[in-house]
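# Structure assessment
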Amino acid sequence: MMSKGYYIFNSVLVVCVAFILGAATLTLLPIGDDTKKSLGYPADSLLNFTELTARYGYLSEQHTVVTEDGYILTIFRIAQGRNCKRKKKNQPVLLVHGLLQSSDSWIDSGPNSGLAYLIADACHDIWVGNVRGNYYARRHVKYDPDKDVAFWQFSVDEIGFYDIPAMIDYVLDSTGAEKLNYIGFSQGAGAYLIMCSERPNYCDKANILIGLAPAARQTHTYSKIYRIAANILMTMEGVLSKSGVQEVFAKGALGQEFLAFFCQLSSITVDICATGKDIFDSLNSLHPGSINNITTKVLFGHFPAGTSLHNIAKYGQSMNSARYQKFDYGKAKNLDIYGTEIPPKFNLSAVTVPVVAIYGENDALVDIKDIDWLLKRLPNVVEAHVVKDPLWNHLDMSYSQYVSEMIFPKINHYLNINNSV
């Protein structure tokens, strides 16, 4: 029988290899779906959002949103929940994923626990967003992401300034609603805060911000792999960029294909990927049994979903500064861009929308200390809800089999309160 230490060592090794490969932009020779199926890849891992929702009896729509700076984003609407037997509620809900994720992260754990499914089944008009740089938002009206460096010159700063407002406007225009309810996970919540700071009129377009492990500054992040990887890529951004590395952790690139392939292999690798020994534990924090092995296999067909090197560098900066500030380009370039040698702080007092924060005590990526710091600076916090399970961690928000009981009731409570009849 293999020891616990054996699995921990090998899990860390697997994640380290995936992170190293994730910085590579080379794409593997395409592995056909038939080959993947023969290797044991679950069918769900090979499907896109509309295909996967249709498989479980949900009717979805695909929409295209163009930002002011020309990025073309794909967002999805679940037009009909499988278990919604009455008229949908009037107030639309916009659900936005975290770093390195896509809209698929909200359905990878299946209809019984995927948050997008649960919200749809509660008869809410649910829209599921994608931000620039992931595989659903890798297009631009002018730039070719495979050729133009300019496409990848973005961080969460631009996601907050352009992507979130564009999606909000699109949903409101499409539905005729005056306001929506916004749910953001990690980066998805942090981008909303940036939007409010830079474009405060957009705070008036939401009834509520439900922040799931909201990411602002990350001074106390204690995930060693995440911290090391972000700091290395931050330090080496200039060198890597000159070497042609602009996109990192892309779907179909070496890191993602490695993880997807690895978790389909022998009984040993299944154990490393499985419940209680999940390779997420070495990146995040231990929560045995929360993310089951079936979900792990499915999600690695969609995760990581890709972002820019510049964005990861921004997260490296956020771990090394007590200030919640814009991207630091260095004194000279800061002077050119901002007019000051030090980047301006984001104005959290401008986040006037009512905020509900839901977070766990066992979060290695967005530490509870940083969330407490954030909430003290927001002017309209309605509730700070710590998940009752003391082992609840960061990625549980998206993938845990217990989402339906641990966080959805609280989310649904606030969606119902903020719904026009």
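Refer to the preceding data block for the structure.
Below, the structure is looked at part by part. Bear in mind that the values here come from a model prediction, so they are computed numbers and not experimental data.

Parameters at a glance
- Residues numbered from 1 in each chain as written.
- Predicted model: local features only at pLDDT ≥ 70, side-chain atom pairs only at ≥ 80, totals over all residues.
- Heavy atoms only, no water.
- Helix = DSSP H or I, 4+ residues; strand = E, 2+ residues; numbered from the N terminus.
- Buried < 20%, exposed > 50% of the residue type's maximum accessible area, 1.4 Å probe, protein only.
- Contact = heavy atoms within 4.5 Å.
- Areas by Shrake-Rupley, 256 points an atom, 1.4 Å probe, with all protein chains shown as cover.
- Phe/Tyr/Trp six-rings, centres within 6.5 Å; stacked < 30°, edge-to-face > 60°.
- Lys NZ or Arg CZ within 6 Å of the ring centre and 35° of its normal.
- Expected span 1.5 Å × (residues − 1).
- Core = buried A, V, L, I, M, F, W, Y, C linked by side-chain atoms within 4.5 Å.
- Patch = residues over 30% accessible without salt bridge, like charges linked within 9 Å, V, L, I, M, F, W, Y side chains within 5 Å.
- Salt bridge = Lys/Arg side-chain N within 4 Å of Asp/Glu carboxyl O.

### Things to note about the overall build of the chain
A count of helical and extended segments in the chain gives 18 helices and eleven strands. A burial count over the chain gives 61% of its 421 residues as buried. Taking as baseline every contact in the chain between residues at least 6 positions apart, the subset at least 24 positions apart corresponds to 77%. For the chain, the accessible surface area stands at approximately 16,400 Å², while carbon and sulfur atoms represent 56% of it.

### Observations regarding the packing of aromatic side chains
How two aromatic rings sit relative to each other is set out by the distance from centre to centre and by the angle between their planes. Counting across every chain of the model gives 17 aromatic pairs. When the centroid spacing of 4.5 Å and the interplanar angle of 15 degrees are considered together, the rings of F49 and F76 count as stacked. Placement of F49 in helix α3 (residues 49-55) and of F76 in strand β2 (residues 71-80) is noted, with a sequence separation of 27 residues between them. Each of the two residues, F49 as well as F76, counts as buried. One aromatic cluster in this structure is built from F49, F76, Y135 and Y136. Its guanidinium or amino end placed over the ring of F154, R132 lies 5.9 Å from that ring's centre, counting from NZ or CZ.

### Considering helix α6 (residues 187-198)
Structural remark: α-helix, 3.6 residues per turn; residues separated by three or four positions point the same way. With twelve residues, α6 extends 16 Å from end C-alpha to end C-alpha; this agrees with the ideal 16 Å at 1.5 Å per step. Within α6, eleven of the twelve residues are buried, which leaves it mostly tucked inside the rest of the structure. Turning to α6, its buried residues are Q187, G188, A189, G190, A191, Y192, L193, I194, M195, C196 and S197.

### Things to note about unusual backbone geometry
Look at the link from F303 to P304: it is a cis peptide, with omega at -5 degrees. Mapped onto the secondary structure, P304 falls in the loop between α12 (293-299) and β9 (307-308). Positive phi, close to 70 degrees, is recorded for L100, a residue that is not glycine. On the secondary structure map, L100 appears in the loop between β3 (92-96) and α4 (115-121). In the Ramachandran plot, C123 falls in the positive-phi region, its phi being about 70 degrees despite a non-glycine side chain.

### Focus on the nonpolar core
Counting residues in hydrophobic clusters, the biggest one holds 70 residues, and the most contacted among them are L94, I164, I168, Y192 and L193. Per element, the largest residue contribution to this core is eight residues, and it comes from helix α5 (residues 156-175). Apart from the residues lying within four places of it in its own chain, the contact partners of I168 are L94, L180, Y192, M195, Y202 and K205. One finds I78, V93, V356 and I358 within the second-largest nonpolar core, a separate group that totals 37 residues.

### What to know about a nonpolar patch on the surface
Taken together, the side chains of I228, I232, M236 and V239 make up a nonpolar region of the molecular surface, amounting to roughly 350 Å² of accessible area. Residue placement: I232 occurs in helix α7 (residues 224-235). On the basis of relative accessibility, which here comes to 41%, the residue I232 falls in the partly exposed class.

### Remarks on the pattern of salt bridges
Counted by the stated rule, this structure contains 15 salt bridges. A salt bridge links D370 to R217; the shortest N-O distance between them is 3.4 Å. Note that D370 is positioned in helix α15 (residues 368-375) and R217 in the loop between β7 (206-212) and α7, a separation of 153 residues in sequence. Comparing D370 with R217, the two get one shared label, buried. Linked through salt bridges whose partners overlap, the residues forming this network are E61, R77, K88 and D125.

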